[in-house]
Amino acid sequence: VKFSVSTSSSAKIDLNLTSYGMYEDEKDLRFRIYADDDWAELKRMPLCTDKVKLSQRNVPIVFDFQGIKQDDRPDASKGSSVEMYTARIEHEITNPPNPHRKPMKK
């Protein structure tokens with residue numbers, strides 16, 4: 001998702017994620033924030049490890065178990081249940097970003 005913040009402004013992100021079943025390895029799972037100036041270069045990069053280097057902020061995503069719930073996905077069998085996990089990210093973005101960001105080595 002691309003969302004822009006106006007120059008000399010700020011925005012608050014409040015994101016709720018739902019996982020049907022446990023996310024197996026969330027230690028590197030992050031909500032990453034990038035600068036518009038880096039967006040074109042980022043889209044051309046084939047590897048996530050390269051894209052991560054351009055991120056200005058990395059907010060951890062941690063899922064919490066919500067219990068066994070009715071599976072409401074369109075392709076679920078009627079009456080089936082699933083383990084439900086949710087994560088909430090609240091983060092404020094200030095523009096301009098931190099001037100101490102280290103540029104990626106080329």
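Note: the structure precedes this text.
Along each chain, numbering runs from 1 in the same order as the chain's sequence is written. Reporting in this predicted model follows two pLDDT cut-offs: at least 70 for local features of residues, and 80 or more for side-chain atom pairs to be given and counted; totals over whole chains, interfaces and linings ignore these cut-offs and use all residues. Computation of side-chain values: all heavy atoms of the structure, hydrogens and water removed.

Colleague: Pulling in residues and values, what's your account of the sheet that holds strand β5 (residues 81-95)?
Modeller: Here a strand pair is declared whenever DSSP counts at least two bridges between the two strands. The secondary structure listing takes helices from DSSP runs of H or I that are at least 4 residues long and strands from runs of E that are at least 2 residues long, numbered from the N terminus. If you walk across this open sheet you meet the three strands as β1-β5-β4, and the pairing is antiparallel. Single-partner strands in this sheet number two, and they are β1 (9-20) and β4 (64-70). For this sheet the average axis-to-axis angle between neighbouring strands, irrespective of direction, equals 30 degrees. Here β1 pairs with β5 via twelve bridges, running antiparallel. Across the sheet, the residue bridging to Ser10 is Thr94, located in β5. Interaxial angles span 0 to 180 degrees and are taken between N-to-C directions of axes, which are lines fitted to C-alpha atoms, for helices over the stretch in contact.

Colleague: Any details on the nonpolar core? Residues and values, ideally.
Modeller: As used here, the term nonpolar core means buried Ala, Val, Leu, Ile, Met, Phe, Trp, Tyr and Cys residues forming a set that is joined through side-chain atoms within 4.5 Å. A simple rule labels every residue: compare its accessible area, found with a 1.4 Å probe on the protein chains alone, to the largest value its type can have, and call it buried under 20%, exposed over 50%, or partly exposed in between. Counting seven residues, the largest nonpolar core consists of Leu29, Val59, Ile61, Phe63, Tyr85, Ala87 and Ile89. Contacts are residue-level and defined by heavy atoms, with any inter-residue pair within 4.5 Å sufficient. Discounting residues that sit within four places of it in the chain, Tyr85 has contacts with Leu17, Thr18, Ser19, Gly21, Met22, Phe63, Asp64, Phe65 and Gln66.

Colleague: Give me the lowdown on the packing of aromatic side chains, citing residues and values where you can.
Modeller: Stacked, edge-to-face and tilted are the three classes for Phe, Tyr and Trp ring pairs, Trp counted by its six-membered ring, which pair at centre distances within 6.5 Å; planes under 30 degrees apart are stacked, over 60 edge-to-face, the rest tilted. Scanning the entire structure with this criterion turns up three aromatic pairs. Relative to Phe63, the ring of Tyr23 has its centre 6.0 Å away and its plane inclined at 15 degrees; by these criteria the two rings are stacked. With Tyr23 in the loop between β1 and β2 (30-33) and Phe63 in the loop between β3 (57-60) and β4, this pair connects stretches of sequence that are 40 residues apart. For Phe63, a relative accessible area of 13% puts it in the buried group. On the numbers, 5.1 Å between centres and 55 degrees between planes, the contact of Phe65 with Tyr85 is tilted. Here Tyr85 lies in strand β5 and Phe65 lies in strand β4, a separation of 20 residues in the sequence.

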